[in-house]
Amino acid sequence: MNEQASEQASDAQNSPANGMEMYDRNVDAIAAFIESGCIAGEGALGIELEHIIVREDGSPVNYSGEDGIQSVLEVLRADYPQATYDAEGDLLGVARPGEAVTIEPAAQVELSAGPFHELASAQACFERFEEKLCGVLAPKHGKLAKTGYHPTARATSLELIPKQRYEYMNRYLGAVSPFGPCMMRGSASTQVSIDYASIGDCIRKYRVASALTPILSLICDNSPIFEGAPRTHRMVRTEIWQHCDPERCGIVPGAVEDGFSLRDYARWVYDTPAILVPDGQGGWREDSRRFSEIYAARPMDRADIEHALSMAFPDVRLKTYLEIRPADAMPVPYVVAYAALVKGIFYCEKSLARVEGLIGGITTSDVERAKNSLQELGYAGEVYGRPAAEFADEVIAAARAGLSESERGFLEPLEELVAARTTLADLG
């Protein structure tokens, strides 16, 4: 009997008389973990920016090889001395306090940094990192692509890094949809994370962020190429996430509707297929059962919960912070402008209420319709019964009003794109 079958048999033998008791216990545990992130008065931002690295001729740079990304990380260790290796000794990340450099499945280089209370600090951090990274790449004849999708290669042609969990994810997601490898290997994103002060504050911000996903995707659209050819529609990454794996991606059912709760989010995560689980020896093993099946007879501990939350990829993700995920990777001034947009809306009561007024009464289906409309028509499309251009203007105005006078200038790069009814991808 294989290990998974043995575990299934064991779970069946040891299941409590009332299976729903353990189900509810674990759902409550996931919700409680998210609630533990409540923090009053912080108002900080975390920013993650993924970088696609290419040769001077635009061809891919793999993890391996003399001038590959592993060698880049080795050089970066001088400034980021905290190194992470896999069991085989492959270097997978470097870090220093407040900044972690990691690599995505096809060796996209990600900087996760923060928390930032000032946008100037965020801009300085990311500019400093990119200056250092470009300096490391130049002798290796590499450069930053600064787009949301690989500018020359098809996803399946890109080498996976030697990370066991990515091998399992690639196999599973590739079987679900051809967009699975596109998400893992071809794409690069900008993500901004925010705090919440209470359960109510968390749910409120989650609802607004989920409702804003279509317009944020358009404003931050920076993928003019898809699978080596000019794209056929706008917002390439939006389409990828719509079809990559609907059970773990997109908008969480009910997220924009009244009555949505942390337990609803926790239940959605708990009922998601795991793909992989810890093997008890520091590695991973494949397991396509739902988390609710795997833990049907035993409580989840903190590590189990953290892993389950990390394997869900919705438009807006909850951990012990709220992660807003729809933006493409962009040049640093636009990344900071996006952070300014998020800060201006979500950390200003008047601005948050103003945006809430734009999304009253919408449903999950309305969000999907808005995504489809913007993919087809861009700023000529429609968002929740309003012209997309008008809706974007309102969002930008709310963000500007929510920023201090000293920080409003950071919003200008995206503000100018919206005013021109264009995107980085259109200009690309």
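Look up a bit, the structure's there.
All of these numbers come straight from a predicted model, not from anything done at the bench.

Colleague: Explain the overall build of the protein to me, using residue names and the numbers behind them.
Modeller: Counting its secondary structure elements, the protein contains 17 helices and 18 strands. In terms of C-alpha radius of gyration, the protein reaches 21 Å, essentially the compact-globule figure of 22 Å for 428 residues. Across its three principal directions, the C-alpha atoms of the protein cover 65 × 55 × 40 Å. Expressed as a percentage of its 428 residues, the buried residues of the protein come to 57%. Long-range contacts, defined here as pairs at least 24 residues apart, represent 72% of the contacts in the protein between residues at least 6 apart. Put simply, the protein shows about 16,700 Å² of open surface, and 49% of that area lies on carbon and sulfur atoms. Between the centroid of the 40 positive side chains of the protein and the centroid of its 64 negative side chains there is a distance of 1 Å.

Colleague: Would you mind going over the pattern of salt bridges in detail, with residue names and values included?
Modeller: One side chain can pair with another of opposite charge once the charged atoms of both are near each other. Across all of its chains, the model carries 33 salt bridges by this definition. Put simply, glutamate 394 and arginine 354 hold a salt bridge, and the shortest N to O gap is 3.7 Å. Linking glutamate 394 in helix H15 (residues 388–402) with arginine 354 in helix H13 (residues 349–356), this pair joins segments that are 40 residues apart in sequence. On the basis of relative accessibility, which here comes to 24%, the residue glutamate 394 falls in the partly exposed class. According to the relative accessible area criterion, arginine 354 is partly exposed, its value standing at 39%. Ionic contacts of the salt-bridge type, sharing partners, join the residues Arg354, Arg386, Glu390 and Glu394 into one network.

Colleague: Go over the packing of aromatic side chains, please, and point to the residues and values.
Modeller: Tallying each qualifying case throughout the model produces ten aromatic pairs. Within the aromatic cluster, the residues linked to one another by ring pairs are Tyr206, Phe260, Tyr265 and Trp268. Stacked on the ring of tyrosine 80, the Lys or Arg arginine 96 has its end atom at 4.2 Å from the ring centre.

Colleague: Help me get a handle on unusual backbone geometry, residues and values and all.
Modeller: The peptide bond linking glycine 114 to proline 115 adopts the cis configuration, its omega dihedral lying at 5 degrees. The backbone of methionine 235 shows a phi angle near 55 degrees, a positive value even though the residue is not glycine. In this fold, methionine 235 is placed in the loop between strand S10 (229–230) and helix H8 (236–244). Looking at methionine 235, the relative accessible area reads 2%, which means it is buried.

Colleague: Please provide a residue-by-residue account of the sheet that holds strand S15 (residues 316–318), values included.
Modeller: Judged by pairing direction, the sheet is antiparallel, and its eight strands sit side by side in the order S3-S4-S5-S6-S1-S8-S16-S15 without closing on themselves. Both outer strands of the open sheet, strand S3 (82–85) and S15, are each paired with one neighbouring strand and no more. If you compare each strand with its neighbour and ignore which way they point, the axes differ by 20 degrees on average. The pairing of strand S4 (residues 91–96) with strand S5 (residues 99–103) spans four bridges and is antiparallel. Residue valine 94 lies in a different strand from S5, and its bridge partner there is valine 101. Contacts from helix H3 (residues 69–76) reach S3, S4, S5 and strand S6 (109–116), with the element oriented near 25 degrees to S4. Of the strands in this sheet, strand S8 (189–194) and strand S16 (322–328) touch H8, which is tilted by about 125 degrees from S16.

Colleague: Which residues make up the packing of helix H5 (residues 164–176) against helix H6 (residues 179–186), and what are the values?
Modeller: Relative orientation of the contacting elements H5 and H6 amounts to 150 degrees, with a least axis distance of 7 Å. In the packing of H5 onto H6, the handedness of the crossing is right-handed. Of the residues in H6, those in contact with Tyr166, Met169, Asn170, Leu173 and Gly174 of H5 are Gly180, Pro181, Met183, Met184 and Arg185. Its residues assigned to classes, the contact of H5 with H6 shows six nonpolar, three polar and one charged.

Colleague: I'd like to hear about the nonpolar core, residue by residue, with values.
Modeller: With 142 residues, the main nonpolar core has Leu76, Leu212, Ile215, Tyr265, Tyr338, Ile345 and Phe346 as its most contacted residues. When residues no more than four places from it in sequence are discounted, the contact partners of tyrosine 338 are Thr190, Val192, Leu216, Cys220, Ile324, Pro326, Ala327, Met330 and Leu414.

Colleague: Quick one: what's the story with H15, residue by residue and with numbers?
Modeller: An ideal rise of 1.5 Å per residue puts 21 Å on 15 residues; H15 measures up with 21 Å between its terminal C-alpha atoms. Along H15, the residues classified as buried are Ala388, Ala389, Phe391, Ala392, Val395, Ile396, Ala398 and Ala399.

Colleague: Give a detailed account of the pairing of S4, specifying residues and quantitative values.
Modeller: Among the six residues that make up S4, five are buried, leaving the element largely enclosed by the rest of the structure. Two elements, S3 and S4, share four bridges in a ladder whose sense is antiparallel. Its bridge partner lying in S4, glutamine 82 is registered against alanine 95. Between the antiparallel neighbours S3 and S4 lie five residues, among them glycine 89 with a positive phi of about 90 degrees. Linking S4 back to S5 in an antiparallel pair, the connection comprises two residues, with glycine 98 at a positive phi of about 85 degrees.

Colleague: How would you summarise the packing of helix H4 (residues 119–137) against helix H12 (residues 332–346) if you had to cite specific residues and measurements?
Modeller: It is the contact of H4 with H12, at a shortest axis distance of 10 Å, that shows an interaxial angle of 155 degrees. In terms of orientation, H4 lies roughly antiparallel with respect to H12. The two elements H4 and H12 cross, and the hand of that crossing is right-handed. Residues Leu119, Gln123, Phe126, Glu127 and Glu130 of H4 lie in contact with H12, whose contacting residues are Val332, Val336, Ala339, Ala340 and Lys343. The class makeup of the residues in the contact of H4 with H12 is six nonpolar, one polar and three charged.

Analysis parameters
Residues numbered from 1 in each chain as written. Predicted model: local features only at pLDDT ≥ 70, side-chain atom pairs only at ≥ 80, totals over all residues. Heavy atoms only, no water. Helix = DSSP H or I, 4+ residues; strand = E, 2+ residues; numbered from the N terminus. Rg over C-alpha atoms; globule rule 2.2 N^0.38 Å. Buried < 20%, exposed > 50% of the residue type's maximum accessible area, 1.4 Å probe, protein only. Contact = heavy atoms within 4.5 Å. Areas by Shrake-Rupley, 256 points an atom, 1.4 Å probe, with all protein chains shown as cover. Lys, Arg positive; Asp, Glu negative; His and termini not counted. Charge placed at Lys NZ, Arg CZ, Asp CG, Glu CD. Salt bridge = Lys/Arg side-chain N within 4 Å of Asp/Glu carboxyl O. Phe/Tyr/Trp six-rings, centres within 6.5 Å; stacked < 30°, edge-to-face > 60°. Lys NZ or Arg CZ within 6 Å of the ring centre and 35° of its normal. Pairing = 2+ DSSP bridges. Axes fitted to C-alpha atoms, helices over the stretch in contact; angles between N-to-C directions. Left-handed = near helix turned anticlockwise from the far one by under 90°. Nonpolar A, V, L, I, M, F, W, Y, C, P; charged D, E, K, R; others polar. Core = buried A, V, L, I, M, F, W, Y, C linked by side-chain atoms within 4.5 Å. Expected span 1.5 Å × (residues − 1). Parallel < 35°, antiparallel > 145°, perpendicular 65-115°, else oblique.

Taken by themselves, the reported measurements are silent on function.
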